[in-house]
Structure formats: structure tokens, C-alpha cells
Amino acid sequence: MSRTIVLKKFYLLLVALPLVACTAQTPDAEAEGSKGLIDIPMDTSEIDRSDIRFSYAPMLKAATEAVVSVHTSRIVVTRNSGRSPMQDLLRRFYGIPIPDSSETIERRLPNGLGSGVIVDPSGIIITNYHVISVNRSERLADEILVQLNDGREFEAEVIGGDRDTDLAVLKIDAEALPSLPMANSDALQVGDVVFAVGNPLGVGLTVTQGIVSATGRSDLQIIGERSYENFIQTDASINPGNSGGALVDAQGRLIGINTAILSRTGGNIGIGFAIPSVLARNIALSLVNFGEIQRGFLGVSLDDLDQALAESFGGIAYRGALIQYVEDDTPAAQAGLKRGDIVTHLNGMPISGDEDLRSRIASRLPGTEIILKVVRDGDTIDVPVMLGDLSERIAQASTSAELLDGVTAEFVDDALREEFGIDEEVSGIFIRQIETSSPYVRSMSAGIIILEINGQATTSVAQARDLFRSGINRLYVQAGDSYGFIAIRVP
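Residues numbered from 1 in each chain as written. Predicted model: local features only at pLDDT ≥ 70, side-chain atom pairs only at ≥ 80, totals over all residues. Heavy atoms only, no water.

A. Structural context of the overall build of the protein chain. The helix and strand inventory of the protein chain stands at 10 helices and 31 strands. Looking at the 491 residues of the protein chain, the share that counts as buried comes to 49%. Of the roughly 22800 Å² that the protein chain leaves accessible, carbon and sulfur atoms contribute 48%. (Helix = DSSP H or I, 4+ residues; strand = E, 2+ residues; numbered from the N terminus. Buried < 20%, exposed > 50% of the residue type's maximum accessible area, 1.4 Å probe, protein only. Areas by Shrake-Rupley, 256 points an atom, 1.4 Å probe, with all protein chains shown as cover.)

B. The arrangement of the pairing of strand β23 (residues 379-386) in detail. Pairing of strand β22 (residues 369-376) with β23 involves 8 bridges; the strand directions are antiparallel. Paired with K373 across the strands is D382, a residue of β23. As consecutive antiparallel partners, β22 and β23 are separated by 2 residues, and within that stretch D377 has a phi angle of approximately 55°, a positive value. (Pairing = 2+ DSSP bridges.)

C. Quick peek at helix α1 (residues 57-64). Among the residues making up α1, those that are buried are M59, L60, A63 and T64. The arc that holds the buried residues of α1, viewed along the axis, is 120°, so those residues lie on one side. Set apart from the buried face of α1 by more than 90 degrees, the exposed residues are P58, K61 and A62. (Arc of directions from axis to C-beta.)

D. Quick peek at the packing of aromatic side chains. Applying the stated rule across the entire model yields 5 aromatic pairs. Note on F420 and F430: the rings are 4.7 Å apart at their centroids and 35° apart in plane angle, and the pair reads as tilted. With F420 in helix α9 (residues 414-420) and F430 in strand β27 (residues 429-434), this pair connects stretches of sequence that are 10 residues apart. You can call F420 partly exposed: its relative accessible area is 40%. Aromatic pair Y476 and Y483: ring centres 6.3 Å apart, planes at 25°, arrangement stacked. By relative accessible area, Y483 is classed as partly exposed at 48%. (Phe/Tyr/Trp six-rings, centres within 6.5 Å; stacked < 30°, edge-to-face > 60°.)

E. Representation of the pattern of salt bridges. Throughout the structure, instances matching the rule amount to 14 salt bridges. Residue D39 pairs with R281 through a salt bridge whose shortest N-O separation is 3.2 Å. Of this pair, D39 sits in the loop between β1 (6-9) and β2 (42-43) while R281 is found in helix α4 (residues 277-290), placing the two residues 242 residues apart along the sequence. Residue classification places R281 among the buried residues on the basis of a relative accessible area of 5%. In this structure, K373 engages D382 in a salt bridge whose closest nitrogen and oxygen atoms are separated by 3.2 Å. A relative accessible area of 28% means that K373 is categorised as partly exposed. (Salt bridge = Lys/Arg side-chain N within 4 Å of Asp/Glu carboxyl O.)

F. Representation of the environment of H71 within the structure. Structurally, H71 is set in strand β3 (residues 67-80). Note: C-alpha distance between H71 and L113 (42 residues apart in sequence) is 4.8 Å. With residues near it in sequence (within four places) discarded, H71 still touches G112, L113, E143, I144, L145 and Q147. (Contact = heavy atoms within 4.5 Å.)

G. Main features of empty space enclosed by the protein. If you add up the space inside the largest cavity, you get close to 240 Å³. The wall of the largest cavity is formed by 19 residues, among which V300, L302, R358, D414 and E418 lie closest to the centre. Elements that contribute at least two residues to the lining of the largest cavity include exactly β17 (296-297), β18 (300-304), α7 (354-362) and α9. Its residues assigned to classes, the lining of the largest cavity shows 10 nonpolar, 3 polar and 6 charged. (1 Å grid on protein atoms, 1.4 Å probe; cavity = no way out; pocket = protein on both sides within 12 Å on 5 of 7 lines; lining within 4 Å. Points joined across faces, edges and corners; volume = space filled by probe spheres on them. Nonpolar A, V, L, I, M, F, W, Y, C, P; charged D, E, K, R; others polar.)

H. Geometry of the environment of G421. Turning to its location among the elements, G421 is positioned in the loop between α9 and β27. By relative accessible area, G421 is classed as partly exposed at 31%. With 194 residues separating them in the primary sequence, G421 and S227 have C-alpha atoms 9.2 Å apart.

I. Main features of a negative patch on the surface. On the surface, D219, D303, D304, D306, D423, E425 and D481 cluster together into a negatively charged patch. Position of E425 among the secondary structure elements: in the loop between α9 and β27. The exposed category is assigned to E425, whose relative accessible area is 65%. (Patch = residues over 30% accessible without salt bridge, like charges linked within 9 Å, V, L, I, M, F, W, Y side chains within 5 Å. Lys, Arg positive; Asp, Glu negative; His and termini not counted. Charge placed at Lys NZ, Arg CZ, Asp CG, Glu CD.)

J. Expanded view of the pairing of strand β16 (residues 272-276). Of all 5 residues that make up β16, 5 are buried, and the element is covered over most of its length. Bridge count between strand β13 (residues 231-234) and β16: 3 bridges; the pairing is antiparallel. Within β16, the residue paired with I232 across the bridge is A274. Here strand β15 (residues 254-263) runs beside β16; their pairing, made up of 5 bridges, is antiparallel. Note on β16: the bridge partner recorded for A260 is F273.

K. Structural view of unusual backbone geometry. Positive phi, close to 55°, is recorded for A176, a residue that is not glycine. By secondary structure assignment, the location of A176 is in the loop between β9 (167-171) and β10 (182-183). Using a relative accessible area of 72% as the deciding quantity, one classes A176 as exposed. Not every positive phi belongs to a glycine, and D377 is a case in point at roughly 55°.

L. Looking closely at the environment of L467. Secondary-structure assignment places L467 in helix α10 (residues 461-467). Separated by 12 residues in sequence, L467 and G455 have C-alpha atoms that sit 9.5 Å apart.

M. Molecular detail of the side chain of T330. Its location among the elements puts T330 in the loop between β19 (321-326) and α6 (331-335). With residues near it in sequence (within four places) discarded, T330 still touches F297, L298, G299 and R393.

N. Just the confidence of the model for the protein chain, in detail. A residue-level look at the protein chain finds 85% of positions with pLDDT of 70 or above and a mean pLDDT of 83. With pLDDT under 50 throughout, residues 1-34 is counted as low confidence; its partners more than four residues away or in other chains account for 148 contacts. (pLDDT = per-residue confidence, 0-100.)

This is the structure in C-alpha cells:
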């Protein structure tokens, strides 16, 4: 009999639950320093692993003061006709006119319960996006109430959020609040003692202890496809209601935001996941200071390095991300990265695969310099790279070339893959827009990818234009998960 593994977000559902984005800063990058921008300091010193204590009470007393409960509700609007059942019966079956005295009634329904972490004394709180949204959708809860550990309650304003990392930032109108200092999650090691702090199942502030079971957990699709996952795994007990709460190290510093559990039963079995503090800090700084997401951009196509590929490249590295393609005029090209390079480390941290590298790049601020350790032709070299801005790359890509009359298109690159969730192995011409006046509006649709024209693979918009001939042309296209041939006539 097969056993089902349930991936479960841990917020407490009080009714059917519904479920926004950021500038990246890294522990090795200075804050922008522009006047008026906030900074969230990070303690980059490593934990003293020789320190063994008999009680963590003094440390946890300070840490727990900065963890809050997040209560959400949604407003449901209903209409009351003001008629009794008997009056309705007389109106419907006997045609007796009954005056309509309908009124609109608003009801507040509990939406869910989660946790949050105060990271700045001015009232900035980091939590999970799914804690403040309705049924994991783009719609946010109508009301968000934050309850502090001392019993005070505040209505919270949503600064913003990012569904792709499941992070959100709230703001409450208060001053001199207790806040949790941040540590560098990149320095975590398996076996480090950690504590999960939150409000599980609504019982009140709760602390559980465990260790770091693993780091760099990616490609679990807990958040969703094409999301940015780079979880810390822990066996500290995490339960519904812990979402958005703090994962704290043995020195009382924030090293993660509790987000999900892996379970066969829906309850805690010791496999929990937290978003690293480096990523959470970058998201918060981006949303608070700039009001938008800013992600680092490299400019390569990546693949996992399996044993067969590793041996074909000499067997020097068996874990890492293989560069399959380097785009022209990108940070990767300018840094001298090449097709066939194997990236094994970023800033000294091991890379487990393509999703791990992709998440680490996207979590850093554009303009940040990183050091990639690369295996090339049997040699190991360090390659410094200045990251670009993914949003700028997407904006540039939106300036599409005309493929046919009224049809604008562009070649599928990494920026386009990020924007539309296109698989890495797909290569072709993406139809960005078709004007209603175009003669091809009935033959093609925006969003399809032209893979071949008259049996020839497409490699650029200019080359695709040259492949068209006068008369009937055969196109092999991808539309979503479907593939097929279409025919169009070109004058």
C-alpha cells in the first residue's frame, strides 16, 4: 500500500482559508544608505559552538518578546430582504405585493491565525504571505490584527509581500517595540541548536527546541512552481499557527521564518522548513525601502549535475549547477562564465543544484558582487560576478521585435522563463502580442512558443523572420503543456 506524503502550510484554519515583494540585500552587501531608507542590522558573527548551557531561559525571554500573533478576518457582505418567510410565500405564489425593505449586512469572519516577527522597533513585522491572504490567492485578508506578547493589540498595514518566496511585511503604529536581531543564515551548520517560536493552534506563545537538520532544501514545490525555495530544515516542533514565526539560534537571533511542514498525517513529525533570514531580510528591506521586488540576475541556463554528467566532465565535482548556456550582454557573460562551467560554491557556500543556485542569486540585491567557485576543464577557479537586475532584464525583454505583421515576439531567455514559468529546456520564439488588426490574429495567439518554422529550429526573432516563405508555412508550437503543428499563409 502506498503512503501519501502531505505538504502542509502551518497556519491555523478557522474557516476555509485563502492565501506580495522586494529588494535583496545580502549579509556581505552594505545597505543603500540613501536618506530615509531603513536598514535591518545583521549580526554576521558565527555562533559559539563550544558553548553548552543548562538553560536557555534568559536568551529566550528576550527573543519571545519580539514574536507576535497575527489574526486575520475577511468581510462578507450579505443582503437581508427584510421579509418574513410567510411574506415571501404570499409574494411568490399568490402575487401579493410585499414591500422590499432589503438591507446590506457586513459580517466579519475569522480567516486564520499565524505568527510574525518584529524586526525593527518602529513596528516592522515579517510573516508569511499565506498567513495574510485568502485561500493562498492574491486577495489579502480584509483585516489584520497583531497581538503582542504583552497583550497589546494593533491593526496592521500591509507594506507588501512576495508570493514567490511566501513572505510578507506588515507595519503597526507603535514605537520602541522589542525586536529580534538577525543572524547570517548562510553560516548555519547541520547540528546547530534552534528554537521555533510562535502561536501554534492558538494556545499562546510557545517555544520548541531542535537542531538544524539540513540547509539549502530546494525544489520541494512547497510554495509553488518557479518559486524561490532555499529552506532550512529543522526537527524543532512546528504546528499549525507557527507560520510566520521565528526560528531562533542559541544566541537568541533570528535565523529563519517558519513556513511549512512535511507530514503523512498533517501533524508535526519532525520535518519542518523555515525561510532563511538572509532572504527574509532582503525581502523586507526591498518592500519597506522601495515598495517592489528587486532580484539579482545572472544570465545563464542551468541544470542539475548528476553522476553521468559529472563523470563526462572529468568527475572532479559531483554536486553543483551545470551552466548549459550563457546569454550575451549579461553579468555572466561579462564575468567570463562559459557553457560547461560547473558552479560548486557561492561566496564559499556549497551549491546543491540548479534550483539552489537560482534561489541564492534571486535572493541577492542587484549590484551585489558574488564569488562563484567554478570547475572548468579540470581546474577550480573563483569567478567574481556583479549581479544585474532581473526586473530591468524583464523590462528590456518586453521591448519585442516584430515577427510578422502585427505580431511581436522575442526569443525565450532566462528573464522570460522567470516571467512566465517556461521550462529551461524550451528554446524558441515567444509570441508576446498580436494586434487585433493583424492578419494572423485567428491563426496564432499570444503566449505560444514557436519551436520550428518549416522544420527548422528557431534561434532568434531575426532568424525566424528569414525562415518564413511566401505561401503556406508549417509551424511547430508549444501552447502551455501541449505541442502541435499549425499552418499560416504569408503574402
